[in-house]
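Each chain is listed here by its residues.
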Amino acid sequence: MLMYGWMVFVEFAPERYDWAAKLMTGGRLERIKDRIAEGIAPGDAVLDIGCGTGTLALRCIDRGARVTGLDSSEFMLRKARENAERAGVSHRLELVHDSVTQLGKHWVPETFDVITSTMALGEFPREFLDFILRDCFRLLRSGGRLLIADEVWPEGFWALLVYRIGITLLWIPQFLLLRRAFFPIRDLRGIIQAAGFEVNQVWKWAASSLQLVSAGKSAALNSAGETSAVFTA
Amino acid sequence: MNAGRRQNTTPSAGPDSRMCHVKRFFHELFHTFFRYYNFPCALGLIRIGNPGEESPVFLSGNYTLTVQRLLRKLRGIDCYLLVANSRGCNVWCAAGMNEFSDCDVVDAITVSRLAEIVRHRRIVAPPCAAPGVDVEAVKRVTGFHLHWGPMSLNDLPEFIRNDLKRTPEMAQIRFPLRDRLEQAAATALAYAMTIGVGLIFWPVVVGKLIGLIAVLYAFAFGLFPWFPEERHWRRFMLQAGILLGAQAVFGYWRGWHAGDFGVWCGLLLGILVLVAIDQCGSTPIYKTGATHWLTKGDYRSLFSPVVDPALCINCMQCVLACPQRVFAGRRGAERGVVSVRPERCEECFACIKQCHSRAIFNRSGRYKGDVKSVPGLQAIVTRSWAHLRREDRWIGAPTVIRGSVPCVVEPRVSEAVACPMHTAGSL
């Protein structure tokens, strides 16, 4: 019965995703999303990869952007649609149900001013991230910005030790609340640079285990980016 | 040179496939006890042996324990193992929870450039993924066709020897002793962790209680197939009778007081109820709600499939995906699929997920609803099936295996009609 009960509880993890993610990141996720939205200008075309329930998308719409959200979970997209309808902005939010490696199929190059993703890319290893970010590089306009926020393996011995102890202790609570393991990325900054972007700024939280990387695609970098993409392949 | 470059992009075989025996033992032990939690390993294409363009490709989720066991099972066979993103969860749960879908399979195929590596377009997939992975969607996007392989990875070597064809036994989900004991151990540990705080205050009582829970889970799961099928609580009663008897003998031997005896009997019965509810809701072979067991006393599912012959396009995907052989094909004059053993259904909704013509209806109108991977599930399983009453004639119909799928044994209607009655009589 206990297992049965836990399973029923865990089954509803997507329902409580918003507050559970807030709890597990100690409210930092909200602040990260606010910071991303701060940099959005009215009229920007924004792509939110792994948009989930659309919390970031709605913030961007508030800033006057047109947002496209991509997610592989239809449940999350339905939630996002409901949230957008409740806010009365569903006409400015386009939602696409597809896998993250199919970006090139939906949009032509240089479509977006801003591409962003929060807590979605950690699940993927380097090879996948290179593939996805190369697609992002193509879809982003020259002068556009890439904003990626995710869990990251902290640098430095002590930070790493504290982080390892932390995730070991929180493994089961995290699973029960979010039905999710921890997926820290190794060298997020390096991966973004390897795809041809120019990293402008990195914000760090929680002993640098949560990072927001802001990177740009400058017009001059265009050809260099292509070379770099071939190099990483 | 090309091949060499690709080699670089292949991830090292996730968890080390060349573990020494001691390390492997502790690895298995740890993951056995923590089976309920997610442990992701690296995604991507793993080369096993020296595979070529025609070598088979096997699909797996990225649950560490499964990938580790697969790598051991496939050792010595030249093949590819495509590890797709199941968020570190086992394929069966991930598929039902919408965490292992065709999107994840498409991602893995695309990023690993499988289409350039192999010439064929066939991937052997675990049938446990059928509740979440839509075969048609994968084919449409990538051109790869998913073939359901054996249910258990232990059958893989035989499946490969058998020219990548599965026997009917391989398609049937089972719950062998090892799996049962693993589940008992993992569940007992989860209990111990939940009530473990009590050890600080009442070490003896809570310690004994944890011991009793472990013993009862080992007893009920270990002897699982030896007890009769649950109908009107008879399985529960039999277990309770045996255990209470054993406890009475033990209590008499140790000279228990009546009060002690009463308390331990209550605890034993309480734990046994918990075990029974765990067994009806979270084993690989049964799935029903706790209320159903408490009120009806059996483990049968709420969902009871029936196929509409007018909608069925005879693609056989439900027959191939079903882990309990609920469906069978009709291979006489009329072709199609019928539901022959709906009472065996364990409500994984693999059939509904794979059926694009929405031909599968629900005879009970009720369902447990823990499967989240089918969009619009509620609308599909609550449709009226009044026009399909006649399809009940197939329930219990004898079946034979033809070309590795179950088919209904039926008289050759077409010939009987073509042959006039009196002629038939004179033969």
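Residues numbered from 1 in each chain as written. Chains lettered and ligands numbered in written order. Predicted model: local features only at pLDDT ≥ 70, side-chain atom pairs only at ≥ 80, totals over all residues. Heavy atoms only, no water.

## Brief notes about empty space enclosed by the protein
Part 1: On inspection of all chains with the given rule, the structure shows five cavities of 30 Å³ or more.
Part 2: Of the pockets and cavities examined, the largest cavity occupies roughly 840 Å³.
Part 3: A:Asp71, A:Ser73, A:Met76, A:Glu123 and B:Arg87 are the residues nearest the centre of the largest cavity, which is lined by 42 residues in total.
Part 4: Going through the elements one at a time, helix H3 (28-38), strand E1 (45-49), helix H4 (55-62), strand E2 (66-71) and helix H5 (74-87) of chain A together with helix H5 (102-111) of chain B are the ones with two or more residues in the lining of the largest cavity.
Part 5: Here the lining of the largest cavity is composed, by residue class, of 18 nonpolar, ten polar and 14 charged. (1 Å grid on protein atoms, 1.4 Å probe; cavity = no way out; pocket = protein on both sides within 12 Å on 5 of 7 lines; lining within 4 Å. Points joined across faces, edges and corners; volume = space filled by probe spheres on them. Helix = DSSP H or I, 4+ residues; strand = E, 2+ residues; numbered from the N terminus. Nonpolar A, V, L, I, M, F, W, Y, C, P; charged D, E, K, R; others polar.)

## Considerations on a nonpolar patch on the surface
Residues and elements named next belong to chain A.
Part 1: A surface patch of nonpolar side chains, about 680 Å² in accessible area, is lined by Phe157, Trp158, Leu161, Ile165, Leu169 and Leu170.
Part 2: Residue placement: Ile165 occurs in helix H8 (residues 157-178).
Part 3: The exposure class assigned to Ile165 is partly exposed, which follows from its relative accessible area of 47%. (Patch = residues over 30% accessible without salt bridge, like charges linked within 9 Å, V, L, I, M, F, W, Y side chains within 5 Å. Areas by Shrake-Rupley, 256 points an atom, 1.4 Å probe, with all protein chains shown as cover. Salt bridge = Lys/Arg side-chain N within 4 Å of Asp/Glu carboxyl O. Buried < 20%, exposed > 50% of the residue type's maximum accessible area, 1.4 Å probe, protein only.)

## Thoughts on the environment of B:Arg389
All names here are of chain B.
Part 1: Along the chain, Arg389 turns up in the loop between helix H18 (377-381) and strand E10 (399-402).
Part 2: With relative accessibility at 51%, the residue Arg389 sits in the exposed group.
Part 3: A C-alpha to C-alpha distance of 8.9 Å links Arg389 and Arg363, two positions 26 residues apart in sequence.

## A few points about the packing of helix H12 (residues 203-222) of chain B against helix H14 (residues 258-281) of chain B
Residues and elements named next belong to chain B.
Part 1: At a minimum axis distance of 10 Å, the contact between H12 and H14 shows a crossing angle of 45°. One element, H12, and the other, H14, form an angle in the oblique class. Taken as a pair, H12 and H14 cross one another with a handedness that is right-handed. Here H12 contributes Lys208, Leu209, Leu212, Ile213, Leu216, Tyr217, Ala220 and Phe221 to the contact with H14, which in turn contributes Trp264, Leu267, Leu268, Ile271, Leu272, Leu274, Val275, Asp278 and Gln279. (Axes fitted to C-alpha atoms, helices over the stretch in contact; angles between N-to-C directions. Parallel < 35°, antiparallel > 145°, perpendicular 65-115°, else oblique. Left-handed = near helix turned anticlockwise from the far one by under 90°. Contact = heavy atoms within 4.5 Å.)

## Here we look at unusual backbone geometry
Backbone phi values are negative for most residues with the exception of glycine, while trans is the configuration of most peptide bonds.
All names here are of chain B.
Part 1: A positive phi angle, close to 60°, is found at Arg87, a residue other than glycine.
Part 2: Within the element layout of this structure, Arg87 appears in the loop between strand E3 (79-83) and helix H4 (91-96).
Part 3: For Arg87, a relative accessible area of 13% corresponds to the buried category.

## With respect to the side chain of B:Glu182
All names here are of chain B.
Part 1: Looking at the secondary structure, you find Glu182 in helix H10 (residues 177-195).
Part 2: The exposure class assigned to Glu182 is buried, which follows from its relative accessible area of 6%.
Part 3: For Glu182, the side chain forms a polar contact with the side chain of Arg35, separated by 2.3 Å.
Part 4: If we ignore the near neighbours within four places in the chain, the residues touching Glu182 are Thr32, Arg35 and Arg69. (Polar contact = N/O pair within 3.5 Å; in protein donor to acceptor, adjacent residues only side chain to side chain.)

## A closer look at the interface of chain B and chain A
Part 1: Every contact between the two is made by 48 residues of chain B and, on the other side, 35 residues of chain A.
Part 2: Summed over both partners, the interface of chain B with chain A comes to about 3500 Å²; 64% of that surface belongs to carbon and sulfur atoms.
Part 3: Taken together, the links from chain B to chain A amount to three salt bridges.
Part 4: At the boundary of chain B and chain A, one finds six residue pairs in polar contact (both at pLDDT 80 or more).
Part 5: Looking at the side of chain B that touches chain A, the elements with two or more residues in it are helix H1 (2-9), H4, H5, H10 and H14 of chain B. (Buried area = accessible area lost by both parts, 1.4 Å probe.)

## A look at H12(B)
Spacing of three or four residues puts side chains on the same side of an α-helix, whose turn is 3.6 residues.
Part 1: Spanning 20 residues, H12(B) covers 28 Å between terminal C-alpha atoms, matching the ideal 28 Å at 1.5 Å per step.
Part 2: By the burial criterion, the buried members of H12(B) are B:Val206, B:Ile210, B:Leu212, B:Ile213, B:Leu216, B:Tyr217, B:Phe219, B:Ala220, B:Phe221 and B:Gly222. (Expected span 1.5 Å × (residues − 1).)

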